[in-house]
Amino acid sequence: MLKAGIVGLPNVGKSSLFNALTAQGAPSENYPFCTVDPNIGTVEVPDPRLDRIHDLVASRQKVPTVVQFVDIAGLVKGASEGEGLGNKFLGNIREVDAVVHVLRCFDDPDVTHVLGDVDPLRDREVVNAELALADLATVETRLEKTVRRARSGEREAQEEHALLERLQEQLGSGGPVRALEFSDRERKALKGFQLLTAKPVLYLGNVTEGDLPDGENEWTRKVREVLSKEEPDARMVTLCSAIEAELAELDDADRVEFLADLGIPEPGLHRLIRATYNLLGLVTFFTAGEKESRAWTVRDGALAPEAAGTIHSDFERGFIRAETIGFEEFEGVGSLKAAREEGLIRSEGKEYRVRDGDIMLFRFNV
């Protein structure tokens, strides 16, 4: 299960966002460190394709894929040296797969800012600097342990030492590890280091209702401009956490009407959830039958046996073939029976790379 940590300075809208995401009522009072322990909530990944498959197949049950969000206590400058709840923050964030970095892009005299005034670019630098400093300490500690083995001529240690020196240079200049290019061998070693700045990041601009429906303002435009220069691969979404919290409390009919009044096609949380899900290069395939229609997650580029293994290890071990049809083709004919009659269902073997939206039936023998 994908786990994403929601991070940011105190009072940027982090916990309000989590409340809206999970409706679990995480504390969001107006003071730093309200969220002392990470709150964890599992939310469905909204996917209209699954809804459509479920309706057409008339399955008894619909099972979406999910993302787990972790609301982590806000950090302050000096967190890497233990300021505030720094050590606790850094320990919790090491356990997540991806980071949702919330930036305050709104002004409100009733909500204090821990650094005095609203400046999302400065806030971004503070958080990123603390993460880089924490990583630098980790790398330097590991370097000290590796140097003796490297001098002895141990090849693996020499390779690790060279990698660590490269990481030290990058982090010492304040750059994130994710900005570097790595070989497959280096990437495998890097995974064991659990570096914070190696994790993929999605920036979230928290705006006011007045900035809707497009969710853009002077601050978000400045952030996007800087990201285009400093982190060109970075993704950013915007939403109003206050509005999302209101939407979360409405029933379906009232939610649709409220969204229409705002001129928004769907809740901002849906975009956030999908963006978080896609951040790690994941794709969705589906299984459908009388019992259930279900969404499954695999990495982009996964082969058919690997996809089968997400359902059950026996499916992968005894994989024979995958009967497959794309969602658009399936929707076009309206049923799996019609798809078979028209010869639209393909028989794919072990080298088939799963495509986003595939509907699959696995044949196996163990």
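Residues numbered from 1 in each chain as written. Predicted model: local features only at pLDDT ≥ 70, side-chain atom pairs only at ≥ 80, totals over all residues. Heavy atoms only, no water.

What follows is about the overall build of the chain. Secondary structure summary: the chain contains 14 helices and 12 strands in total. Taking 2.2 N^0.38 as the reference for a compact globule, 366 residues should give roughly 21 Å; the C-alpha atoms of the chain span a radius of gyration of 23 Å, in line with that estimate. Dimensions along the principal axes, computed over C-alpha positions, put the chain at roughly 65 × 65 × 35 Å. Burial statistics for the chain: of 366 residues in total, 48% are counted as buried. When contacts within the chain are restricted to residue pairs at least 6 apart in sequence, long-range pairs at least 24 apart make up 67% of them. (Helix = DSSP H or I, 4+ residues; strand = E, 2+ residues; numbered from the N terminus. Rg over C-alpha atoms; globule rule 2.2 N^0.38 Å. Buried < 20%, exposed > 50% of the residue type's maximum accessible area, 1.4 Å probe, protein only. Contact = heavy atoms within 4.5 Å.)

Glancing now at the state of the cysteines. This model, assessed by the stated rule, comprises 0 disulfides. C105 carries a free sulfur, and the closest cysteine sulfur to it, the one in C240, is 12 Å from it. Here C105 falls in the buried class, since its relative accessible area comes to 0%. Overall, C240 belongs to the buried group, its relative accessible area being 4%. (Disulfide = S-S within 2.5 Å.)

Tallying each qualifying case throughout the model produces 1 cavity of 30 Å³ or more. In this structure, the largest cavity encloses a volume near 40 Å³. Around the largest cavity, the lining residues are V7, V99, H101, V127, N128, L131, R178, L196 and V201. Of all the secondary structure elements, the ones that give two or more residues to the lining of the largest cavity are strand 5 (98-104) and helix 4 (120-151). Among the elements that take part in the lining of the largest cavity, helix 4 stands out by supplying 3 residues, more than any other. Looking at the lining of the largest cavity residue by residue, the class counts come to 6 nonpolar, 2 polar and 1 charged. (1 Å grid on protein atoms, 1.4 Å probe; cavity = no way out; pocket = protein on both sides within 12 Å on 5 of 7 lines; lining within 4 Å. Points joined across faces, edges and corners; volume = space filled by probe spheres on them. Nonpolar A, V, L, I, M, F, W, Y, C, P; charged D, E, K, R; others polar.)

All right, on to the environment of V298 then. Position of V298 among the secondary structure elements: in strand 9 (residues 292-299). Sequence separation between V298 and L143 is 155 residues, and the spatial gap between their C-alpha atoms is 35 Å. Filtering out sequence-adjacent residues up to four positions away, V298 remains in contact with L282, V283, F285, A307, T310 and V354.

For the rest of this paragraph, the subject is the nonpolar core. Judged by nonpolar contacts, the single largest core of 54 residues is most densely connected at L17, L21, F69, I93, L204 and L272. The element best represented in this core is helix 10 (residues 268-279), accounting for 6 residues. Sequence-distant contacts of L272, defined by excluding residues within four places in its chain, comprise L17, L21, V100, L202, L204, V237 and L239. (Core = buried A, V, L, I, M, F, W, Y, C linked by side-chain atoms within 4.5 Å.)

With that settled, consider the side chain of D47. With respect to the element layout, D47 can be found in the loop between strand 2 (39-44) and helix 2 (48-57). With near-sequence residues (within four places) excluded, D47 lies in contact with T284 and F286.

Proximity of charged atoms lets side chains of opposite charge pair with each other. According to the stated counting rule, one finds 30 salt bridges in the structure shown. Residue R122 is joined to D123 by a salt bridge in which the shortest nitrogen-to-oxygen separation is 3.0 Å. On the accessibility criterion, D123 (3% relative accessible area) is buried. With a closest N to O distance of 3.7 Å, E225 and K229 form a salt bridge. With E225 and K229 both in helix 7 (residues 218-230) and 4 residues apart, the pair spans about one turn of that helix. Relative accessible area serves as the criterion here: at 45%, E225 is assigned to the partly exposed category. For K229, a relative accessible area of 63% translates into the label exposed. Through salt bridges with shared partners, a single ionic network connects R124, R178, E230 and E231. (Salt bridge = Lys/Arg side-chain N within 4 Å of Asp/Glu carboxyl O.)

Turning next to the sheet that holds strand 1 (residues 2-7). A sheet is described by the order of its strands in space; here 6 strands give the open sequence 2-4-1-5-6-7, paired in mixed fashion. Both outer strands of the open sheet, strand 2 and strand 7 (235-239), are each paired with one neighbouring strand and no more. In this sheet, adjacent strand axes meet at a mean angle of 25° when their direction is disregarded. Strands strand 1, strand 2, strand 4 (66-71), strand 5, strand 6 (201-206) and strand 7 of the sheet are contacted by helix 1 (residues 14-22), whose axis makes an angle of about 45° with strand 2. The sheet strands contacting helix 7 are strand 5, strand 6 and strand 7, and the helix crosses strand 7 at an angle near 175°. (Pairing = 2+ DSSP bridges. Axes fitted to C-alpha atoms, helices over the stretch in contact; angles between N-to-C directions.)

Attention now moves to the pairing of strand 7. In terms of burial, strand 7 is a largely internal element, 4 of the 5 residues being buried. With 5 bridges joining them, strand 6 and strand 7 adopt parallel strand pairing. Looking across to strand 7, one finds that L202 is bridged to R235. Of the crossover connections in this fold, the one passing from strand 6 over helix 7 to the parallel strand 7 is right-handed. (Right-handed = clockwise from strand over helix to strand, strands pointing away.)

What follows is about the confidence of the model for the chain. Taken residue by residue, the chain gives an average pLDDT of 88. The fraction at 70 or more is 90%. Model confidence for the chain, summarised as mean pLDDT per element, is weakest for helix 3 (residues 86-93) at 63 and strongest for strand 10 (residues 319-326) at 98. Low pLDDT, under 50, characterises residues 30-36; the predicted model gives this stretch 21 contacts beyond four residues in sequence or across chains. (pLDDT = per-residue confidence, 0-100.)

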